[in-house]
Amino acid sequence: METKAPRGTYDILPPDSAAWHYLEGVLRSTAELYGYQEIRTPMFEHTELFERGVGTSTDVVSKEMYTFFDRSKRSLTLRPENTASCARAFIEHRVYSGMLPVKWYYIGPMFRYDRPQTGRFRQFNQFGVEVFGSRSPYLDAEVIILLVDILSNLGLMEYELHLNSVGCPKCREVYREKLIEHITPVKDSLCEDCNQRYLINPLRVLDCKQASCHQVIEGYPTLAANLCDSCQQHYSQVQSILESNGVDFTHDDNLVRGLDYYTNTAFEIHIPGIGAQSAVGGGGRYDGLVEECGGPATPGVGFAMGLERLLLALNLLNLQQTGKNGLDVFVITAGDQFEELSFQVVQELRTAGIKAAKDHNGRALKAQMKYADRLGAALAIIIGEDEVKSGQLTLRNMGTGEQQSLAAVDAIDRIKEMLV
Ligand code: HAM
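A few words now on the pattern of salt bridges. Within the structure shown, the criterion is met by 20 salt bridges. The salt bridge involving E45 is made with R88; its shortest N-O contact spans 2.7 Å. Here E45 is found in strand 2 (residues 44–46), whereas its partner R88 is found in helix 4 (residues 83–92), with 43 residues between them in sequence. The class for E45 is buried, based on a relative accessible area of 5%. Between D207 and R204 there is a salt bridge, with its nearest N and O atoms 3.6 Å apart. Each of the two residues, D207 as well as R204, counts as buried.

Put into structure tokens, the structure is as follows:
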């Protein structure tokens, strides 16, 4: 039997799971500070949702989806991202008929059949926020400020924020034609991917990873110079709100994002030094998505960040605060006849809210001590002949090795004092 997890997936074992709890805690508390509430959507959706929402010409939909037929021959897809699912939930539950905007956040696994490498997995975790129901440039700025705030709450101060506007369908259509006109004469010098897709999606040539494609299209017309008045105004407002809130960013003419739903603001945040996959987050405005998915025209804006990449950055900078992970008390049983008593003591400690455990494999005293250490116990209590006779427990500080005795009747209160 195959005992390896599928390629591009991995297990999170203790004690590493503590780092995830820490990270998720910072993400949740920062999002809630900004008034965002959690939404949970299914891991899989009807395939059509992503085809319509994300777009059939994108790499995510055309190459990377885990699509399967269920036993009733429905085409379903493991979600490659969560913005389309949020739009679907917004429509399904008629959230649009309530007070808008709504501000949601989510944390959970996404699935993409991509080539695994450092920072890139086939099952990976995203934290994201989505705001439905307002066109205000203050919300574009708010989600970006939230993203930056998360990084700073994690202690990640070295990042690069790239910003662009991809315009609205009207000005982008005019721009598309201009770009195709610029690319057509040099199309044969582009990489194979760009050569194939420049007529369908010429904007993707702008963010091609091949440096040669950038040389070939040098002097290309930029999106920023071709925005209509209203898109231009929106973009200027977003930039000036960010500036007046002290957010550093770089306008990036090459930033177009890989998903079709974006309109106006688009952004990406990179942490240099974590490898080729340096984008820890990306997002933007998507004013046409809800309508595209069958709902009433409703603007939206949001972003998602990759948790694996954030942990990679935290690890590299040694910033990971795993928090308290181990046990409070390990109960050592000195003699088989005290098994039942020590089991009861463990239960009493747990009832009092103290994290406690004991040995169940008949280990000798020394080996129990080693096991307690392995489990990260702060304290150990020894229960044996002497303790039962005297009504005094022996308490050992696992960090310093100091031992003291305390009356069994006061034990819980004293342990609680020692743990704070
Ligand atoms: P995305 O840029 O495709 O956007 O993904 C967002 C983040 O997820 C990336 O910046 C990266 O950190 C992480 N990520 C993506 N693919 C992988 C992978 N294969 N392995 C590890 N991490 C990965 C979206 O998904 C949009 N839904 C974001 C959004 C929300 N836009 C508006 N609202």
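On to the site of the ligand, then. Looking at the ligand, there are 26 residues lining it, with E81, T83, E130, Y262 and A279 nearest. A distance of 2.6 Å separates a nitrogen atom of the ligand from a polar side-chain atom of Y262. Contact distances for the ligand include 2.9 Å between an oxygen atom and a backbone N or O atom of A279. Relative to its unbound accessible area of 660 Å², the ligand is 94% covered by the protein chains. The biggest single contributor to the shell around the ligand is strand 10 (residues 279–285), with 6 residues. Partitioned by chemical class, the residues of the shell around the ligand number 11 nonpolar, 9 polar and 6 charged.

What follows deals with the packing of helix 5 (residues 137–153) against helix 10 (residues 229–244). At a minimum axis separation of 8 Å, helix 5 and helix 10 run at an interaxial angle of 45°. Between helix 5 and helix 10, the crossing angle belongs to the class labelled oblique. Crossing of helix 5 over helix 10 shows right-handed handedness. Between helix 5, through P137, Y138, D140, A141, I144 and I145, and helix 10, the contact on the second element is made entirely by H234, Q237, V238, I241 and L242. Here the residues of the contact of helix 5 with helix 10 are counted per class, giving 8 nonpolar, 2 polar and 1 charged.

Quick look at the nonpolar core now. In terms of nonpolar packing, the biggest core is built from 50 residues, with Y36, F127, V143, L154, F303 and M305 touching the most fellow members. Judged by nonpolar contacts, the second largest core, of 47 residues, contains V54, Y175, Y198 and Y286.

Before going further, it helps to examine helix 1 (residues 17–33). If you check helix 1, its first and last C-alpha atoms are 24 Å apart, about what 17 residues at 1.5 Å a residue would give, namely 24 Å. Of all the residues in helix 1, the buried ones are A18, A19, W20, Y22, L23, V26, L27, T30 and A31. The inward-facing, buried residues of helix 1 abut strand 5 (102–111), strand 6 (123–132), helix 5, strand 11 (300–306) and helix 12 (307–316). Positioned one or two residues after helix 1, G35 has a phi angle of 85°, which is positive.

This part covers unusual backbone geometry. Backbone torsion omega between P14 and P15 reads 5°, so that peptide bond is classified as cis. The topology assignment puts P15 in the segment before helix 1. Cis geometry marks the peptide bond from L100 to P101, where omega comes out at 5°. Looking at the secondary structure, you find P101 in the loop between helix 4 and strand 5.

Viewed as axis vectors pointing N to C, helix 1 and helix 12 meet at an angle of 110°, and their least axial separation amounts to 11 Å. Considering their axes alone, helix 1 and helix 12 lie roughly perpendicular with respect to each other. In this structure, helix 1 uses A19, W20, Y22, L23, E24 and L27 to contact helix 12, whose residues at the interface are L307, E308, L310, L311 and L314. Grouping the amino acids of the contact of helix 1 with helix 12 by side-chain chemistry returns 9 nonpolar, no polar and 2 charged.

What follows covers the packing of aromatic side chains. Counted according to the given criterion, the structure contains 14 aromatic pairs. Members of the aromatic cluster, connected to one another through ring pairs, are F90, Y96, W104, F132, Y261, Y262 and Y286. The aromatic ring of Y113 is capped on one face by R122, whose charged end is 4.0 Å from the ring centroid. It is R363 that lies over the ring of Y371; its NZ or CZ is 4.3 Å from the centre.

In this section: the sheet that holds strand 3 (residues 66–69). With antiparallel pairing, 3 strands are arranged side by side in an open sheet as 2-4-3. Unpaired on one side and paired on the other, strand 2 and strand 3 mark the two borders of the sheet. Across the sheet, the axes of successive neighbouring strands diverge by a mean angle of 35°, strand direction being ignored. Judged from the 3 bridges that link them, strand 2 and strand 4 (residues 75–78) form a sheet pairing that is antiparallel. Bridge pairing in strand 4 places F44 opposite L78.

Conventions used here
- Residues numbered from 1 in each chain as written.
- Predicted model: local features only at pLDDT ≥ 70, side-chain atom pairs only at ≥ 80, totals over all residues.
- Heavy atoms only, no water.
- Salt bridge = Lys/Arg side-chain N within 4 Å of Asp/Glu carboxyl O.
- Helix = DSSP H or I, 4+ residues; strand = E, 2+ residues; numbered from the N terminus.
- Buried < 20%, exposed > 50% of the residue type's maximum accessible area, 1.4 Å probe, protein only.
- Near = heavy atom within 4 Å.
- Polar contact = N/O pair within 3.5 Å; in protein donor to acceptor, adjacent residues only side chain to side chain.
- Areas by Shrake-Rupley, 256 points an atom, 1.4 Å probe, with all protein chains shown as cover.
- Nonpolar A, V, L, I, M, F, W, Y, C, P; charged D, E, K, R; others polar.
- Axes fitted to C-alpha atoms, helices over the stretch in contact; angles between N-to-C directions.
- Parallel < 35°, antiparallel > 145°, perpendicular 65-115°, else oblique.
- Left-handed = near helix turned anticlockwise from the far one by under 90°.
- Contact = heavy atoms within 4.5 Å.
- Core = buried A, V, L, I, M, F, W, Y, C linked by side-chain atoms within 4.5 Å.
- Expected span 1.5 Å × (residues − 1).
- Phe/Tyr/Trp six-rings, centres within 6.5 Å; stacked < 30°, edge-to-face > 60°.
- Lys NZ or Arg CZ within 6 Å of the ring centre and 35° of its normal.
- Pairing = 2+ DSSP bridges.

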